[in-house]
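Structural features, examined
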Amino acid sequence: MIFSYFCRMETLSNSVKELRHRYIEMLCEIYDKEEANALLMILLEHHFGISRVALALNPDMLLSDTECLTLQSSIRQLTASRPIQYVIGKTEFCGLEFEVDENVLIPRPETEELVTIVSSQAKTLAGAVDVLDIGTGSGCIAVSLARLIEGCRVTAIDISGNALDVARRNAARNGASVNFINADILSDPALPRRFDIIVSNPPYVCESERRDMRANVLDFEPPTALFVSDDDPLVFYRHIIDFARTHLKPHGTVWFEVNEHLGAETAELCRRHGFGDSAVMKDLFGKDRYVKAAR
Ligand SMILES: C[S@@+](CC[C@H](N)C(=O)[O-])C[C@H]1O[C@@H](n2cnc3c(N)ncnc32)[C@H](O)[C@@H]1O
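This structure is a prediction, so every number in the text was calculated from the model and none was measured.

Some details on the packing of helix α2 (residues 16–27) against helix α5 (residues 65–79)
- The interhelical angle for the contact between α2 and α5, taken along N-to-C directions, is 15°, at an axis separation of 10 Å. If you check the angle between α2 and α5, you find them roughly parallel. As α2 runs across α5, the sense of the crossing is right-handed. Facing L19, Y23, M26 and L27 of α2, the residues of α5 in contact are C68, L71, I75, L78 and T79.
- For the contact of α2 with α5, the residue count by class is eight nonpolar, one polar and no charged.

Describing the site of the ligand
- Taken together, 22 residues form the shell around the ligand, and within it G135, G137, I159, N201 and A225 come nearest.
- If you list the elements that add at least two residues to the shell around the ligand, you get α8 (140–148), β4 (153–158) and α11 (223–226).
- For the shell around the ligand, the per-class residue count stands at twelve nonpolar, eight polar and two charged.

Concerning the packing of α2 against helix α3 (residues 33–48)
- Packing of α2 against α3 leaves a shortest axis separation of 9 Å and a crossing angle of 135°. As summarised for this structure, α2 and α3 are arranged oblique, according to the angle between their axes. You can see that α2 and α3 cross each other, and the crossing is right-handed. Of the residues in α3, those touching α2 at V16, R20, Y23, I24 and L27 are K33, A36, N37, L39, L40 and L44.
- Grouping the amino acids of the contact of α2 with α3 by side-chain chemistry returns eight nonpolar, one polar and two charged.

Some thoughts on the nonpolar core
- Grouped together as the largest cluster of nonpolar side chains are 59 residues, with contacts concentrated most on V131, L145, I197, I198 and V254.
- Excluding residues within four positions of it along the chain, L145 makes contact with V115, V118, S119, V131, C152 and V154.
- By size, the runner-up hydrophobic cluster in this structure holds 15 residues, among which are L39, L43, I84 and V87.

Notes on α3
- Given a rise of 1.5 Å per residue, 16 residues ought to cover 22 Å, and the 22 Å separating the end C-alpha atoms of α3 matches this to within 8%.
- Considered for burial, the residues of α3 that qualify are A36, L39, L40, L43 and L44. Burial along α3 is one-sided: seen end-on, the buried residues are contained in an arc of 135°.
- Along its buried surface, α3 packs onto α2, α5 and α6 (84–88).

Some words on the domain arrangement of the protein chain
- Taken domain by domain, the protein chain holds domain 1 (2–80) and domain 2 (105–294).
- Centre-to-centre, using C-alpha coordinates, domain 1 lies 38 Å away from domain 2.

Quick look at the sheet that holds strand β3 (residues 130–134)
- Reading across from one edge, β5-β4-β3-β6-β9-β11-β10 is the order of the seven strands in this open sheet, with mixed pairing throughout. Since the sheet does not close on itself, it has two edges, and those belong to β5 (178–182) and β10 (277–282), each with one partner. Taken over all neighbouring pairs, the strand axes of this sheet differ in orientation by 15° on average, direction set aside.
- Of the strand pairs in this sheet, β4 and β5 are connected by five bridges, and their pairing is parallel. Residue pairing across strands places I157 opposite I181, the latter belonging to β5.
- Sitting on the sheet, helix α12 (residues 235–247) touches β3, β6 (195–200), β9 (248–257) and β11 (288–294), and the angle it makes with β9 is about 160°.

Details of the confidence of the model for the protein chain
- Here the protein chain shows a mean pLDDT of 93. Residues at 70 or above account for 96%.
- Segment residues 1–11 is flagged for pLDDT under 50; beyond a separation of four residues in sequence, or across chains, it makes six contacts in the model.

As for the pairing of β3
- Among the five residues of β3, five are classified as buried, and the element is accordingly described as predominantly covered.
- Burial along β3 is two-sided: D130, L132 and I134 and V131 and D133, pointing in opposite directions, are all buried.
- For the handedness criterion, the β-α-β arrangement of β3, α8 and β4 is classed as right-handed.
- Examined bridge by bridge, β3 and β6 share four bridges and lie parallel to one another. Bridging from a neighbouring strand, V131 pairs with I197 of β6.

Reading the values: rules and limits
Residues numbered from 1 in each chain as written. Predicted model: local features only at pLDDT ≥ 70, side-chain atom pairs only at ≥ 80, totals over all residues. Axes fitted to C-alpha atoms, helices over the stretch in contact; angles between N-to-C directions. Helix = DSSP H or I, 4+ residues; strand = E, 2+ residues; numbered from the N terminus. Parallel < 35°, antiparallel > 145°, perpendicular 65-115°, else oblique. Left-handed = near helix turned anticlockwise from the far one by under 90°. Contact = placed C-beta atoms within 7 Å. Nonpolar A, V, L, I, M, F, W, Y, C, P; charged D, E, K, R; others polar. Near = placed C-beta within 6 Å. Core = buried A, V, L, I, M, F, W, Y, C linked by C-beta atoms within 7 Å. Buried ≥ 20, exposed ≤ 12 C-beta atoms within 10 Å, placed from the backbone. Expected span 1.5 Å × (residues − 1). Arc of directions from axis to C-beta. Domains from an automatic or database assignment. Pairing = 2+ DSSP bridges. pLDDT = per-residue confidence, 0-100. Right-handed = clockwise from strand over helix to strand, strands pointing away.

Dropping the structure here:
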């Protein structure tokens, strides 16, 4: 079906109006109409700077043959379930632009909320605030906090060297100063500094939850960023809270994003590790999504 559409393209016009009609029909095989329309507009804007308004003002706009091929290639990727953020190589997070590719998780809206909560907390602290982001991926948390908290010193670690390359480029493109370190939090690394704030959105999706996930996540996002075994779903939280015992300043706090089904267990784990002042917080959708831990 999709193949025959592309073959027919050769003989059809290059008018954006016609291409749009055709491509939306193709995208509707896996997206609903509104989403398909939005995706196409993102591609037109990204590749050719054509905005919705420009298209409305000039509905008979034409694309060159080369431009048609570019658009066709992106549509092919979308119909193969590749997320739009990877197709265009970027996304927005906390009002900043981040490069993303298959080495990093696509930052989620829940994580933006975590950044907002943590930066409000940081602004109540006096002096230069030391922040550590564990499992930084694209660097979205670390870079946003570095931009939001004046005079803070941000360190970020990840086990993936490829993710750190992306994160470093994101710090540079957003004018943020972040000290990136390649480290495995599960081998209890020792860092030569203590922190006021430790924040982490570690892998927390149980293997058994795979079956509920869409192909665009499962086939494209890095599994090491997402999954933990059903036998030990809190493995990252246990290691991080243990690490916090020796790397947090006396009045420091730890902030986690958590699996919505494991908020209470995570807070309890923090209490058992000496963080008596631990609580679960809900996200904008009313789901248990964050745990704050303090001594
Ligand atoms: C859920 S992603 C979070 C990425 C980013 N912080 C965000 O919020 O979008 C988890 C990250 O943890 C990293 N990670 C996985 N195992 C790790 C380990 N043992 N030590 C350090 N980082 C790890 C992954 O590479 C991934 O970038």
